[in-house]
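For reference, the chains in residue letters:
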Amino acid sequence: MHKHHSALGLATARKPVQPVTLVRPHAARRAARFFAEKFPGRSIYAVKANPSPDLLALLWESGITHYDVASIAEVRLVARALPAATLCFMHPVKAKETIAEAYFTHGVRTFSLDTIEELEKIVRATRGAEDLNLCVRLRVSSEHAKLSLAAKFGAEPSEIRQLLIATRQASDALGICFHVGSQAMTPAAYSDAMERVRAAIVDAGVTVDIVDVGGGFPSTYPGMEPPPLDAYFAVIHRAFEDLPISYSAELWCEPGRALCAEYSSLIVRVEKRRGAELYINDGAYGALFDAAHLGWRFPVALLREPDSNARDMAFSFYGPTCDDLDHMAGPFLLPADVAAGDYIEIGMLGAYGCAMRTGFNGFGAVETHEVSDEPMDSLYAEPERVAASNVATL
C-alpha cells in the first residue's frame, strides 16, 4: 500500500483515472482508544460497518477485543484474522447450521435472539450447551436516529416477559440488548431505551447479567453535528447504574460507524459537468450507496492546486454506471468553477461505504492508499487540529 501525506498530494502526484480509497490508520486507532478507555463498559465492534482485515487489526491493536458478527462469513473472517478475539453473534435470526458452526468450530458463546423459536433453535443447535450468553433483543424507538432500525428485529412487548424467563433458564448469562437506530443524534435515545429495559426486568423478575446498548453512536456529517460522545457515555452510565440488575452485571455497546467512519475517504474524478450536475467515477453501486439511496450528505472538498477562489455552490452527482438511480442528490457544496478533470475528496466513508461496493456495470475497481492527514471531520480530534492538518500540502 502506497503512503502519502494528503489527499491533495496524492491527486496531484498520481492523477488517478479510477477512484482511490484513502485510509487513515491513525483515525481508526484514535476512535478505538476513545471507546476502549472512555465507554464505561465493554466496546464490541460491529463488523458489518467495515469488515476490512486491516481495520480489524488496527482496532485490535488499539484495545477492541470483542467483535459483533452478524453472519457466518463474518464469524469466519474475524476468527481467521484475529484468532484470540471474542465473537458475539448478535443477529437475532440465524440458521441452525450457522449457530452450530459458530459454537463448535469458532468458539462463539454469545448469541442474540428475539423469539422463543430462535431460543429453541440455539439450544438445539448447541446441543443444550450450558455456557451460553444469550441476549434478548427488545424493540425500541428509533425516533432520535437518522436511520431507523426499529421495524425488523426486537421482541414485541407482549412476548418479552415469557421470553426473558425462558432465556434465563437456558443461559449461563442472560442479557438484554437493543438498537436505537443508526446515527442517533441525542443521548436521550439511550436513556429512553433503558427505561424499556427497566420495565422488562421488573415485569419478568429475572436476574440480568448483561445490558447491551447496541450501536447508533454517531459520526459527524454536513447537517448532522451530534453532541460529544462523552455526553452519550454519561447518560448510558447513569441509566445502567439505576437498573435493577446483578451487582456484577456488565455493560456492553456495539459501535460500528463511530469506530470506522473517519478511517477512510474517497478520491473521485469529475468526468463531465452539466450545470449543477457533476458526473463522477464512483457512485451508488460503489462507495456512495448511502448518498444515493438514503440522501446522506458526506463532506466534500475540491482537490486543486492552487485553491479555487470561487464561491461555493450546490451540486449533485451522477455515478459512472448507465443507471439513472446512480444519482446522489446532495447538495454537495463545492467551488462554482469545478470542471471536468478536477478531483474531489468525499469524506467519512469508512462506515458502510467501502463495505457495500459492488462491481455492477463493470465499475468498482479502486486502489487503496494510506494518508497521514486528518479526516475531513472528526469527533475525536480538536477542530483546529483538523483544520490545520487539512491545509493542503504536497
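Residues numbered from 1 in each chain as written. Predicted model: local features only at pLDDT ≥ 70, side-chain atom pairs only at ≥ 80, totals over all residues. Heavy atoms only, no water.

Colleague: Describe in detail the packing of aromatic side chains, supporting the description with residues and values.
Modeller: Aromatic rings in a pair are described by how distant their centres are and how their planes are angled relative to each other. For the structure on display, the rule yields 18 aromatic pairs. Arranged with centres 6.1 Å apart and planes meeting at 80°, the rings of Y190 and Y232 form a pair that is edge-to-face. Of the two residues, Y190 is situated in helix α8 (residues 188-204) and Y232 in helix α9 (residues 229-241); the sequence distance between them amounts to 42 residues. Within the aromatic cluster, the residues linked to one another by ring pairs are F34, F35, F39, Y190, F217, Y232, F233 and Y380. One cation-aromatic arrangement involves R109 over Y103; the distance from NZ or CZ to the ring centre is 3.7 Å. (Phe/Tyr/Trp six-rings, centres within 6.5 Å; stacked < 30°, edge-to-face > 60°. Helix = DSSP H or I, 4+ residues; strand = E, 2+ residues; numbered from the N terminus. Lys NZ or Arg CZ within 6 Å of the ring centre and 35° of its normal.)

Colleague: Can you break down helix α5 (residues 96-104) residue by residue, with the values?
Modeller: Along α5, the residues that are buried comprise T98, I99, A102 and Y103. When α5 is viewed along its axis, its buried side chains cluster within an angular range of 125° and face the same direction. Seen from the open side of α5, the exposed residues pointing more than 90 degrees away from its buried face are K96 and E97. Of the surrounding secondary structure, the elements contacted by the buried residues of α5 are α4 (72-81), β5 (86-89), β6 (110-113) and α6 (116-125). (Buried < 20%, exposed > 50% of the residue type's maximum accessible area, 1.4 Å probe, protein only. Arc of directions from axis to C-beta. Contact = heavy atoms within 4.5 Å.)

Colleague: I'd like a description of the pairing of strand β9 (residues 173-177), backed by residues and values.
Modeller: In terms of burial, β9 is largely enclosed, as five of its five residues are buried. Side chains A173, G175 and C177 project from β9 onto one buried face, and the interleaved L174 and I176 project onto a second face that is buried too. For strand β7 (residues 133-137) and β9, the ladder comprises five bridges, and the chain directions are parallel. The residue of β9 that forms the bridge with C135 is G175. Two elements, β9 and strand β11 (residues 210-212), share three bridges in a ladder whose sense is parallel. By the bridge assignment for β11, G175 is matched with I210. (Pairing = 2+ DSSP bridges.)

Colleague: So what about the environment of R311? Which residues, and what values?
Modeller: Mapped onto the secondary structure, R311 falls in the loop between β15 (300-303) and β16 (312-318). On the basis of relative accessibility, which here comes to 60%, the residue R311 falls in the exposed class. Those residues within four positions of R311 in sequence are excluded, and the remaining contacts are L334, P335 and A336.

Colleague: Describe the sheet that holds β6, with residues and values.
Modeller: The parallel closed barrel is built from eight strands, whose spatial order is β3-β4-β5-β6-β7-β9-β11-β12. Sheet twist, expressed as the mean angle between neighbouring strand axes with direction ignored, is 25°. Seen against the sheet, α6 touches β6 and β7 and runs at an angle of roughly 155° to β6. (Axes fitted to C-alpha atoms, helices over the stretch in contact; angles between N-to-C directions.)

Colleague: So what's going on with unusual backbone geometry? Which residues, and what values?
Modeller: P306 follows E305 through a cis peptide bond whose omega is 0°. On the secondary structure map, P306 appears in the loop between β15 and β16. Look at Q183: it is not a glycine, yet its phi comes out positive at around 60°. Residue position: Q183 is located in strand β10 (residues 182-184). Its relative accessible area of 0% is what places Q183 among the buried residues. Positioned with a positive phi, N361 is a non-glycine residue whose angle comes to about 65°.

Colleague: Please set out empty space enclosed by the protein residue by residue, giving values where relevant.
Modeller: Unfilled space is identified by rolling a water-sized probe across the atoms. Applying the stated criterion to the full structure yields one cavity of 30 Å³ or more. The volume enclosed by the largest cavity comes to roughly 40 Å³. Around the largest cavity sit R24, A261, E262, S264, S265, E345, G347, M348, P375 and M376, which together line it. Grouping the constituent residues of the lining of the largest cavity by class yields four nonpolar, three polar and three charged. (1 Å grid on protein atoms, 1.4 Å probe; cavity = no way out; pocket = protein on both sides within 12 Å on 5 of 7 lines; lining within 4 Å. Points joined across faces, edges and corners; volume = space filled by probe spheres on them. Nonpolar A, V, L, I, M, F, W, Y, C, P; charged D, E, K, R; others polar.)

Colleague: Tell me about helix α7 (residues 157-170), residues and numbers included.
Modeller: For α7, spanning 14 residues, the distance from its first C-alpha to its last is 21 Å, which sits close to the expected 20 Å at 1.5 Å a residue. At L163, α7 shows its largest bend, some 25°. Inspection of α7 places I160, L163, L164 and T167 among the buried residues, and these make up the whole buried set. Buried residues along α7 sit against β6, α6, β7, β9 and α8. (Expected span 1.5 Å × (residues − 1). Bend = angle between axes of the 7 residues up to and from the residue.)

Colleague: Before we move on, could you go through the environment of H4 and cite the residues and values that matter?
Modeller: Along the polypeptide, H4 turns up in strand β1 (residues 2-4). Distance from H4 to V371, taken between C-alpha atoms, is 4.8 Å for residues 367 residues apart in sequence. Excluding residues within four positions of it along the chain, H4 makes contact with L10, R14, H369, E370, V371 and S372.

This is a description of form; function is not addressed.
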